[in-house]
Amino acid sequence: MVQQNIFCRDKLIDKAISTNEEWDVIVIGGGATGLGSAVEAASRGYRTLLLEQHDFGKGTSSRSTKLVHGGVRYLRQGNLSLVFKALRERGIFLKNAPHLAHQLEFVIPCYTFWEKAFYGIGLKIYDLISGSLGLQHSRILGRNDVLKRLPGIEPEALCGGVSYFDGQFDDSRMIVNLAQTCSDHGGVPINYFQVVQLTRTNGKTDGVVARDMESGREYGFKSKSVLNATGVFADQLRHLDDPIQSPMIKPSQGIHLILDRSFLPGDVALMVPHTDDGRVLFAIPWHNNVIIGTTDTPVQDIELEPQAHEDEVKYLLTHAGRYLTKRPKASDVLSVYAGLRPLVSSGTSDTKSISRDHVLFVSESGLVTITGGKWTTYRQMGEEAVDQAAKVGGLDARKSRTRNLKIHGAEGFFSSDEHYGIFGSDAESVKNVVESEPSGSEQIHPRLPYSKGEVVYSVRYEMARSVEDILARRTNALFLDASASIEAAHVVAVIVARELGRDDSWVERQISQFSTLAAGYQISDAVSREVNPAPSSS
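What counts, and at which threshold
Residues numbered from 1 in each chain as written. Predicted model: local features only at pLDDT ≥ 70, side-chain atom pairs only at ≥ 80, totals over all residues. Heavy atoms only, no water. 1 Å grid on protein atoms, 1.4 Å probe; cavity = no way out; pocket = protein on both sides within 12 Å on 5 of 7 lines; lining within 4 Å. Points joined across faces, edges and corners; volume = space filled by probe spheres on them. Helix = DSSP H or I, 4+ residues; strand = E, 2+ residues; numbered from the N terminus. Salt bridge = Lys/Arg side-chain N within 4 Å of Asp/Glu carboxyl O. Nonpolar A, V, L, I, M, F, W, Y, C, P; charged D, E, K, R; others polar.

Engineer: Requested: an account of the layout of surface pockets, with residues and values cited.
Structural biologist: Considering only enclosed or pocket space, the second largest pocket measures out at about 930 Å³ in volume. Taken together, 29 residues line the second largest pocket, and the ones lying closest to its centre are Trp-286, His-287, Asn-288, Glu-418 and Ile-422. For the lining of the second largest pocket, the secondary-structure elements that each account for two or more residues are strand E4 (101-110), strand E6 (160-169), strand E13 (281-286) and strand E20 (448-451). Element by element, the count of residues in the lining of the second largest pocket is highest for E4, at three residues.

Engineer: Give a description of the pattern of salt bridges that names residues and reports values.
Structural biologist: Scanning all chains against the criterion turns up 37 salt bridges. Residues Arg-238 and Asp-235 are paired through a salt bridge, measuring 2.8 Å at the closest nitrogen-oxygen approach. Here Arg-238 and its partner Asp-235 are both found in helix H8 (residues 234-241), three residues apart, which amounts to about one turn of the helix. A cluster of three or more residues bridged by salt bridges with shared partners is formed by Asp-55, Lys-58, Arg-63, Glu-305, Glu-468, Asp-469, Arg-473 and Arg-474.

Engineer: With reference to specific residues and values, describe empty space enclosed by the protein.
Structural biologist: Summed over the entire model, instances satisfying the criterion amount to four cavities of 30 Å³ or more. In this structure, the largest cavity spans a volume of roughly 90 Å³. The biggest single contributor to the lining of the largest cavity is helix H12 (residues 452-461), with three residues. Here the lining of the largest cavity is built from residues that sort into five nonpolar, four polar and five charged. Counted as a void, the second largest cavity has a volume near 60 Å³. Gly-36, Val-39, Glu-40, Asn-96, Leu-178, Tyr-378, Arg-379, Thr-402, Leu-405 and Ile-407 are the residues that line the second largest cavity. Of all the elements in the fold, those that place two or more residues in the lining of the second largest cavity are helix H2 (32-43) and helix H10 (378-393). Here the lining of the second largest cavity takes three residues from H2, the largest share from any one element. Of the residues in the lining of the second largest cavity, the class split is five nonpolar, three polar and two charged.

These values are about where atoms sit, not about what they do.
Written out as structure tokens, the structure is:
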């Protein structure tokens, strides 16, 4: 087992700046694609540096639907190539991260007999495409079977349904474990390190200048290849490389609502493959709550903290209400979060029809850009990106190892404890910190399942640097209950400050900054009134 103190920001920075050797690969971006690429490069033995301007997974990668899936919607669109690749990667994902990913049953409720036949045939094709990496087979269900699996589903006119299986995972924890995996294999992943300049020699990109966002100091790093894996921010980095390059990203926003489990009791997910405007609707059990998603809204502004739009909230509540006997209202929403998809422009204004496949691009200077895609195919994207970076940088050709590479935490001992199980083989280390810390086992808030000792562990061994890092990405607190997270901010800030040696003014700033951020995860009174207007008096 890798020693925990290797994954320490200060030590990784010292390792990065103390060497005069040229890096083989510098990866810019600490989301799923960037970290997947860094793990790919480091596991091949390439000298690998990853730089992330904020925290690992700050962007879209921590705001997903939490699914590892082939994409039933893409099957319906006839994109068999994308479905095939995604289903293959789904199997690899579940095999290599079993502490974070598991299979989940979905049921498509059918209210006409032709729907049952249509989706039943389609999902048999889905099974066949999965091949040897498939999960349990789909099957057609009668009305009573659907009602048993989906208590809370609208029973009127229900004639049956179709059951199939896909994967579910914890995206925030996966991000942390990928960064640890990169470090385990000799790579150097650093958060809060922003690339501010690309350097060149004889017209070829040969490194970066990056700023430590905590100290303000800037450092130069030379590399044989530079990989742009910044997701929706890819065009901004491409602009640094060449100001006249045409934009390639057409961002789409997807939002999700978090409701109490009472809206969909049980452990089976609801999937509606085709709503009024052709979108997919999910209602998914998650941490004793339910995720309702998602939307597909074209946006112009690319921000680190995108906000859910009023019409998106209304859309999800309205459509969820058509299928659930307990109709959700805006006041029932515990948290709402938005993420931006880095779709690659196809010339159409309809983001729903843009392919979710990824694109690999090499500029004249040799900057390699990988963008598009989705969480399920992160590993394949990393493999292809590093293959290309190796060619650009003239590196020795080395075979990929990641198809059979266990993610950090997946090797060795697994905790059977439902709460600590997501730490995998690190579970005992987490428990030791919780038990050894004064008040370590106390919850940070009565409505949140996380302890003070877990906060300590995340700062010491998972590179958490702020209240937001703890409540949004080392735990799922902000996504589970935004109000409770705001109330927990003070407790968390005091612990983080003690561990990092920060003063009282830092604590106050952190509480204020997090409270402002978390307010964006709550539905405002104005939106609530618009979505659920008060009945008019007669």
